[in-house]
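Reading the structure
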Amino acid sequence: MYKLETLLLIAVTGLAAQLVDGGLGMGFGATSSTMLIALAGITPAAASAVVHTAELGTTLASGVAHTRFGNVDWRTACAIGIPGAIGAFLGATVLVRLSTEAARPVMSLILALIGLNLMLRFARGLTQRKLAAKPHSRGFLAGLGLFGGFIDATGGGGWGPVTTSTLLTAGRAEPRRIVGTVNTAEFLVTLAATLGFAVGMWRDLVANLAGVLALLIGGVIAAPIGAWMVSRMNPIALGGVVGTLIVLLNLPVVLSYAGMTSGLWVVRLLIVAIGAALSWRGIQRARANSRAASEREGATVVEPQPARIR
C-alpha cells in the first residue's frame, strides 16, 4: 500500500516529467523513472512498469493528435514501431528477471547514458540541417527501433532520446514529422513493454496501480502547462538541465556499485560544472546560428551585370 505522501510525491514526479516532455518532446520516461527510484524508493522494475502503464494513455492521445495534424509518416512509424515493440517486450522480460540488486546499477547506467546523450545533444545548439532526399532504409529503422525499445523498457525510458535524437541528427525529414512519427510509434513500444511487465510481474503491477494513477494525474495536470511553456522556455537550457539532473542522480549509483565509495561529492560537482558549461555552449551556438540565419535571410541578392562590349 502506498502512503499518501508517497502518492503525492509520485504525482509531483509525473507533473515535473510531463513539463520536461512538453518542453523537449522527450524525456517523460527517463525523468519520471529517475525520480521514482531516487525519491520514492521504488524498485527499477516497478518504476519502469509504473511509467509504461501510465504512458499508455499519454502516448495514445499524442499519437491521435499528431495524426490529426498530419505529422505522422506511417511507413516510418510502422518500420520503427513494430521492431521497437519487440525490443520493449524483450527489455521488460530481462528487467523483470534481474534481481533488485542487479537491476539498480544496470538501470542507473542506462539512465546516465540517456542523460549524457541529452547533455551532448543540446550542447550542439539544436542546429537544423538541410534535409537529405534519400529516406532511411527499413533495416536502419528496424535496428534503431529494436535498440530504442529495449533501452526504453530496461531503462524506464529512453525511446525519445534514442530514436528522436538519431533521426533529427540524420536530417532526412522535417522535425515535426520526426517527432509526430516517433511519438505515434511509441504507443506500440509502451503497449509491448506493459505486456512484458504484466506477464512477468502481474501482482506487482496491480499493487502499483495507485502509483500509476498518481503519475498519470500529475502528467495530465502538467500537459496544458507544458504546451504553454514550450513556446516560452529555452529548450536548450531545459534540455541541458534535465540531462545534467539525470546524470547527477544515476552516475554516482553506478560508481558506488563499481566500488567507488569515496569522493562521490567531487564527481557530483564535476557533473554540475560540465552540465552548466555544455548548456552555456549550446545557448551560445544557438544564438550564433540564429544570427547567421537572420543575416542570410536579410542579405540582398545582387544580380550579375552583363559584360560591356568594347
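Residues numbered from 1 in each chain as written. Predicted model: local features only at pLDDT ≥ 70, side-chain atom pairs only at ≥ 80, totals over all residues. Heavy atoms only, no water.

A few words now on the overall build of the chain. A tally of regular secondary structure across the chain gives 12 helices and zero strands. For the chain, with 310 residues in total, the buried portion stands at 46%. Put simply, of all contacts in the chain between residues at least 6 apart along the chain, 83% involve residues at least 24 apart. Here the chain has roughly 15900 Å² of accessible surface; of this, 67% comes from carbon and sulfur atoms. (Helix = DSSP H or I, 4+ residues; strand = E, 2+ residues; numbered from the N terminus. Buried < 20%, exposed > 50% of the residue type's maximum accessible area, 1.4 Å probe, protein only. Contact = heavy atoms within 4.5 Å. Areas by Shrake-Rupley, 256 points an atom, 1.4 Å probe, with all protein chains shown as cover.)

Glancing now at helix α11 (residues 235-257). Between its first and last C-alpha, α11 extends 33 Å over 23 residues, near the 33 Å set by a 1.5 Å rise per residue. Of all the bends in α11, the greatest reaches close to 25° and is centred on Leu 248; the proline Pro 252 follows between one and four positions later. In the stretch just after α11, Gly 259 is the one whose phi turns positive, near 110°. (Expected span 1.5 Å × (residues − 1). Bend = angle between axes of the 7 residues up to and from the residue.)

Okay, the nonpolar core next. The nonpolar side chains of a soluble globular protein tend to be buried with one another. In terms of nonpolar packing, the biggest core is built from 57 residues, with Ile 10, Leu 36, Ile 42, Leu 167, Phe 197 and Leu 215 touching the most fellow members. With eight residues, helix α8 (residues 175-200) is the single largest residue contributor to this core. Residues contacting Phe 197, with those up to four places away along its chain left out, are Ala 45, Ser 48, Ala 49, His 52, Ala 92, Leu 95, Val 96, Ala 153 and Trp 202. (Core = buried A, V, L, I, M, F, W, Y, C linked by side-chain atoms within 4.5 Å.)

Attention shifts here to the packing of helix α5 (residues 100-123) against helix α6 (residues 138-155). The geometry of α5 relative to α6 is characterised by a closest axis approach of 9 Å and an angle of 120° between their N-to-C directions. Judged on the interaxial angle alone, α6 and α5 are oblique. Two packed elements cross with a definite hand, and for α5 against α6 that hand is left-handed. Residue-level inspection shows Met 107, Ile 110, Leu 111 and Ile 114 of α5 in contact with α6, the latter providing Ile 151, Thr 154 and Gly 155. Looking at side-chain class alone, the contact of α5 with α6 contains five nonpolar, two polar and no charged residues. (Axes fitted to C-alpha atoms, helices over the stretch in contact; angles between N-to-C directions. Parallel < 35°, antiparallel > 145°, perpendicular 65-115°, else oblique. Left-handed = near helix turned anticlockwise from the far one by under 90°. Nonpolar A, V, L, I, M, F, W, Y, C, P; charged D, E, K, R; others polar.)

All right, on to the UniProt feature "transmembrane region" (unreviewed entry) in the chain then. Mapped onto this numbering, the UniProt entry annotates "transmembrane region" (unreviewed entry) at residues 32-51, 72-96, 102-120, 178-199, 205-229, 236-259 and 265-283. End C-alpha to end C-alpha, residues 178-199 measures 32 Å, and it is 100% helix and 0% strand. Taken end to end, residues 265-283 is 100% helix and 0% strand, and its first and last C-alpha atoms sit 27 Å apart. (UniProt positions renumbered as here; feature names shortened; annotations may be inferred.)

Compared with the 26 Å implied by 1.5 Å per residue over 18 residues, the 25 Å span of α6 between its first and last C-alpha is a close match. For α6, the complete set of buried residues consists of Leu 141, Leu 144, Gly 145, Gly 148, Gly 149, Ile 151, Asp 152, Ala 153, Thr 154 and Gly 155. For α6, the elements touching its buried residues are α2 (28-39), α3 (44-68), α4 (74-97), α5, α7 (159-170) and α8.

To continue, consider the side chain of Thr 244. As for its placement among the helices and strands, Thr 244 is situated in helix α11. The exposure class assigned to Thr 244 is buried, which follows from its relative accessible area of 10%. Apart from the residues lying within four places of it in its own chain, the contact partners of Thr 244 are Met 119, Ile 271, Val 272 and Gly 275.

Right, let's get into the packing of aromatic side chains. Here the structure, examined in full by the defined rule, presents zero aromatic pairs. Above the face of the Phe 122 ring, Arg 121 is positioned so that its terminal group lies 4.8 Å from the ring centre. (Phe/Tyr/Trp six-rings, centres within 6.5 Å; stacked < 30°, edge-to-face > 60°. Lys NZ or Arg CZ within 6 Å of the ring centre and 35° of its normal.)

As a further point, take the confidence of the model for the chain. Parts of the prediction with low pLDDT should not have their coordinates interpreted in detail. When pLDDT is averaged along the chain, the result is 83; 88% of the residues meet or exceed 70. For the chain, helix α10 (residues 209-229) is the element with the lowest average pLDDT, namely 80, and α4 is the one with the highest, namely 95. Note on residues 300-310: pLDDT under 50 across the span, and zero contacts to partners over four residues away in sequence or across chains. (pLDDT = per-residue confidence, 0-100.)

Turning to the environment of Gly 158, a few remarks are in order. For Gly 158, the location among the structural elements is in the loop between α6 and α7. Through-space distance from the C-alpha of Gly 158 to that of Gly 115 is 9.3 Å; in sequence the pair is 43 residues apart.

Within the element layout of this structure, Asn 250 appears in helix α11. In this structure Asn 250 comes out as buried when scored by relative accessible area, which is 5%. Sequence-distant contacts of Asn 250, that is, excluding residues within four places in its chain, are made with Thr 34, Ser 108, Leu 111 and Ala 112.

With that out of the way, let us pick up the environment of Asn 71. Mapped onto the secondary structure, Asn 71 falls in the loop between α3 and α4. The exposure class of Asn 71 is buried, given its relative accessible area of 12%. In sequence terms Asn 71 and Arg 177 are 106 residues apart; their C-alpha atoms lie 4.6 Å from each other. Once you skip the residues sitting within four places of it in the chain, Asn 71 turns out to touch His 66, Arg 176, Arg 177, Gly 180 and Thr 181.

Its location among the elements puts Thr 76 in helix α4. The class of Thr 76 is buried, set by a relative accessible area of 13%. When the C-alpha atoms of Thr 76 and Arg 177 are compared, they prove to be 10.0 Å apart, with 101 residues separating the residues in sequence. Non-local contacts of Thr 76, meaning those with residues more than four positions away in its chain, are made with Gly 81, Leu 141 and Thr 181.

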